[in-house]
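# Secondary and tertiary structure notes
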Amino acid sequence: MGMIIDKETLEHVASLARLEITPEEEGPLLGDLERILGYVAQLSSVDTSAIVSKRPAMTELRPDEPSEGLTREAGLGGAPAMRDGFVVVRNVMGGEDA
């Protein structure tokens with residue numbers, strides 16, 4: 001089987017996932033990913049046309065009709081702190097809390 005994933009693709013995926021991969025980790029990681037993708041390719045080649053689903057068929061759905069929702073007070077009533085109709089949370093981005 002040829003290479004499914006190359007070093008360039010590994011580096012691209014790592015950058016998307018914001019992972020730092022050392023040169024020592026590249027070889028073993030490429031091997032692991034090759035095996036994983038090989039297993040996926042093997043599974044996709046299995047004929048599943050004779051498999052019967054065990055899930056019940058959803059043939060009848062309820063009508064999609066608008067209904068009364070929660071009021072702002074009921075929806076936000078369990079919030080630990082509120083100001084001007086909004087939930088107040090701890091600052092997680094740095095800087096000053098308002």
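Residues numbered from 1 in each chain as written. Predicted model: local features only at pLDDT ≥ 70, side-chain atom pairs only at ≥ 80, totals over all residues. Heavy atoms only, no water.

Per an unreviewed UniProt entry, the protein goes by Aspartyl/glutamyl-tRNA(Asn/Gln) amidotransferase subunit C and derives from Candidatus Cryosericum odellii. Taken verbatim from the UniProt record of the protein, the Sequence similarities (unreviewed entry) comment is "Belongs to the GatC family." Under the heading Subunit (unreviewed entry), UniProt records this for the protein: "Heterotrimer of A, B and C subunits." (UniProt positions renumbered as here; feature names shortened; annotations may be inferred.)

Glancing now at the overall build of the protein. In terms of regular secondary structure, the protein is built from 3 helices and 2 strands. In the protein, the succession of helices and strands from N to C terminus is α-α-α-β-β. Against the 2.2 N^0.38 benchmark of 13 Å for 98 residues, the protein shows a C-alpha radius of gyration of 26 Å, more extended than a compact globule. With respect to the principal axes defined by its C-alpha atoms, the protein has extents near 60 × 50 × 15 Å. When burial is assessed residue by residue, the protein has 7% of its 98 residues classed as buried. Expressed as a percentage of contacts within the protein between residues at least 6 apart in sequence, the contacts between residues at least 24 apart total 34%. Carbon together with sulfur atoms contributes 57% to the accessible area of the protein, which is approximately 9,400 Å² in total. (Helix = DSSP H or I, 4+ residues; strand = E, 2+ residues; numbered from the N terminus. Rg over C-alpha atoms; globule rule 2.2 N^0.38 Å. Buried < 20%, exposed > 50% of the residue type's maximum accessible area, 1.4 Å probe, protein only. Contact = heavy atoms within 4.5 Å. Areas by Shrake-Rupley, 256 points an atom, 1.4 Å probe, with all protein chains shown as cover.)

This part covers the packing of helix α1 (residues 7–16) against helix α2 (residues 23–44). Here α1 crosses α2 at 95°, and the two axes come no closer than 11 Å. What the angle tells us is that α1 and α2 run roughly perpendicular. Along the contact surface, α1 presents Lys7, Leu10 and Glu11, while α2 presents Glu26, Leu29, Leu30 and Leu33. Of the residues assigned to the contact of α1 with α2, the class counts are 4 nonpolar, no polar and 3 charged. (Axes fitted to C-alpha atoms, helices over the stretch in contact; angles between N-to-C directions. Parallel < 35°, antiparallel > 145°, perpendicular 65-115°, else oblique. Nonpolar A, V, L, I, M, F, W, Y, C, P; charged D, E, K, R; others polar.)

Turning to the pattern of salt bridges, a few remarks are in order. Per the counting criterion, the structure on display carries 2 salt bridges. A salt bridge links lysine 7 to glutamate 26; the shortest N-O distance between them is 3.6 Å. One end of the pair, lysine 7, is in helix α1; the other, glutamate 26, is in helix α2, and 19 residues separate them in sequence. Residue classification places glutamate 26 among the buried residues on the basis of a relative accessible area of 15%. Aspartate 32 is the salt-bridge partner of arginine 35, the closest N and O atoms lying 2.4 Å from each other. Linking arginine 35 with aspartate 32, this pair stays in helix α2, spanning 3 residues, or about one helical turn. Taking relative accessible area as the criterion, aspartate 32 reaches 36% and is therefore assigned partly exposed. (Salt bridge = Lys/Arg side-chain N within 4 Å of Asp/Glu carboxyl O.)

In this model, the protein carries an average pLDDT of 86, and 95% of its residues clear a pLDDT of 70 or more. Across the protein, the secondary-structure element scoring lowest on mean pLDDT is helix α3 (residues 72–76), at 85, and the one scoring highest is α1, at 93. (pLDDT = per-residue confidence, 0-100.)

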